[in-house]
Amino acid sequence: MKKLILFTALLTSTALFTNAQDTREGLKFGIKGGATLSNVYDSEGENFDADPRLGYTAGLNLEIPIGKFLGIHPEVLVTQKGFKGSGTFLGTSYDYKNTKTFLEIPVLVALKPTQNISIVAGPQFAYLMSERNEFNSVFSTDEEEQFENDNIRKNILGLVGGINLNFNHFTVGARVGIDLQNNRGDGTSETPRYKNAWGQLTIGYRFY
């Protein structure tokens with residue numbers, strides 16, 4: 001009998017704690033950071049291939065509730081993307097690396113089936129703040145700021161989606177994204193045409 005009473009009390013306490021911690025309807029402000037694994041792809045048949053490279057992302061986010069199960073999550077992020085590759089030319093090996101830094105503003109719709117899970121998706125505006133290309137071979141090392149030299153599209157619309165796991169103040173997120181526009185402006189640039197694609201893992205802290 002004592003075990004039954006103890007079990008009932010424990011179950012009741014757990015239910016009350018879980019209900020008290022349900023914060024889906026509260027406004028929250030947060031900070032977040034993590035890693036971005038990015039690459040590029042060509043959607044129009046130029047066969048431009050590259051290898052993925054690791055970068056970072058960091059910024060601020062806001063969780064605006066629309067009732068208990070829906071919300072709007074705008075964010076402001078600084079994200080490093082790019083690609084890398086290697087090859088041989090006339091028997092000589094070389095490697096290259098592209099690094100881009102974006103200011104990103106995703107505006108995400110959040111579906112919150114439970115207090116611990118948020119499924120997010122929506123459009124993202126990205127502004128290219130800088131771009132650098134590095135080329136290395138046995139003969140030379142060349143670094144070039146490409147941002148000013150080529151006709152590169154600096155304002156890019158994309159689409160992102162993912163899932164957040166929420167543990168009271170802490171949240172862990174996994175996300176993927178693609179650009180809806182390619183990197184070239186009016187098509188006169190000699191830079192290969194491509195779109196960015198990426199995945200992100202982040203950890204954040206929420207204030208409420």
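Residues numbered from 1 in each chain as written. Predicted model: local features only at pLDDT ≥ 70, side-chain atom pairs only at ≥ 80, totals over all residues. Heavy atoms only, no water.

**Q** I'm lost on the overall build of the chain in this one. Help?
**A** Within the chain, the secondary structure is distributed over 1 helix and 9 strands. Ordered by position in the sequence, the α and β elements of the chain form the string α-β-β-β-β-β-β-β-β-β. For the chain, buried positions account for 38% of its 208 residues. In the structure as shown, the chain presents an accessible area of about 11,700 Å², 64% of it carried by carbon and sulfur atoms. (Helix = DSSP H or I, 4+ residues; strand = E, 2+ residues; numbered from the N terminus. Buried < 20%, exposed > 50% of the residue type's maximum accessible area, 1.4 Å probe, protein only. Areas by Shrake-Rupley, 256 points an atom, 1.4 Å probe, with all protein chains shown as cover.)

**Q** Honestly, the pairing of strand E9 (residues 195-207) in this entry has me stumped. Any pointers?
**A** Where a strand is regular, its side chains alternate between the two sheet faces. As judged from the 13 bridges shared by strand E1 (residues 28-41) and E9, these two strands associate in the antiparallel manner. By the bridge assignment for E9, Asn39 is matched with Ala197. Pairing analysis gives 9 bridges linking strand E8 (residues 170-179) to E9, with the strands arranged antiparallel. Paired with Arg175 across the bridge in E9 is Gln200. (Pairing = 2+ DSSP bridges.)

**Q** In this structure, what is going on with the pairing of E8? I would like to understand it.
**A** Burial along E8 is one-sided: Thr171, Gly173, Arg175, Gly177 and Asp179 are buried, while Phe170, Val172, Ala174, Val176 and Ile178, pointing the other way, are not. In terms of strand pairing, strand E7 (residues 155-167) meets E8 through 10 bridges, oriented antiparallel. Within E8, the position partnered with Gly162 by the bridge is Arg175. What sits between E7 and E8 in their antiparallel hairpin is a turn of 2 residues, with Asn168 showing a positive phi close to 55°.

**Q** Whenever I open this one, the confidence of the model for the chain confuses me. Can you help?
**A** Regions with low pLDDT should not have their predicted coordinates read in detail. Here the chain shows a mean pLDDT of 83. Residues at 70 or above account for 75%. Averaged over each element, pLDDT in the chain is lowest for helix H1 (residues 2-20) (46) and highest for E8 (97). Contacts for the low-pLDDT stretch residues 11-20, under 50 throughout, to residues beyond four places or in other chains number 1 contact. (pLDDT = per-residue confidence, 0-100. Contact = heavy atoms within 4.5 Å.)

**Q** Please clarify how the packing of aromatic side chains should be interpreted in this entry.
**A** Given two aromatic rings, one states the distance between the centres and the angle between the planes to describe the pair. For the structure shown, the criterion picks out 5 aromatic pairs. For the pair Phe170 and Tyr205, a centre-to-centre distance of 5.1 Å together with 80° between the ring planes defines the contact as edge-to-face. Separated by 35 residues along the polypeptide, Phe170 in strand E8 and Tyr205 in strand E9 bring together distant segments of the chain. A residue is classified by how much of its surface remains accessible, and Phe170, at 45% relative accessible area, is partly exposed. By way of ring pairs, the aromatic residues Phe29, Phe170, Tyr205 and Phe207 are connected into one cluster. Here Lys81 stacks its cationic end above the ring of Phe102, 4.9 Å away from the centre of that ring. The ring of Trp198 has Lys81 sitting right over it, with the charged end atom 3.3 Å from the ring centre. (Phe/Tyr/Trp six-rings, centres within 6.5 Å; stacked < 30°, edge-to-face > 60°. Lys NZ or Arg CZ within 6 Å of the ring centre and 35° of its normal.)

**Q** Quick question: what am I supposed to make of the pattern of salt bridges here?
**A** Inspection of every chain in the model, using the stated rule, returns 6 salt bridges. Between Lys28 and Glu63 there is a salt bridge, with its nearest N and O atoms 4.0 Å apart. Of this pair, Lys28 sits in strand E1 while Glu63 sits in strand E2 (residues 53-66), placing them 35 residues apart in sequence. Exposure remark for Lys28: the relative accessible area of 3% places this residue in the buried category. Judged by relative accessible area, which is 9%, Glu63 ranks as buried. Residues joined by salt bridges that share partners form a network here, namely Lys28, Glu63 and Arg206. (Salt bridge = Lys/Arg side-chain N within 4 Å of Asp/Glu carboxyl O.)

**Q** Before we go on, may I ask you to explain the environment of Glu75 in this structure?
**A** The residue Glu75 is located in strand E3 (residues 70-89) in this model. Taking the C-alpha atoms as reference, Glu75 lies 7.8 Å from Glu104; in sequence the two are 29 residues apart. Here Glu75 is in contact with Lys32, Leu60, Asn61, Glu104, Ile105, Pro106, Leu108 and Arg175, once residues within four sequence places are set aside. Polar contacts involving the side chain of Glu75 include one to the side chain of Lys32, which spans 3.2 Å. (Polar contact = N/O pair within 3.5 Å; in protein donor to acceptor, adjacent residues only side chain to side chain.)

**Q** Can you walk me through the environment of Ala174 in this structure?
**A** You can see Ala174 is positioned in strand E8. Through-space distance from the C-alpha of Ala174 to that of Gln200 is 5.7 Å; in sequence the pair is 26 residues apart. Apart from residues no more than four positions distant in its own chain, Ala174 is found in contact with Gly161, Gly162, Ile163, Gln200 and Leu201.

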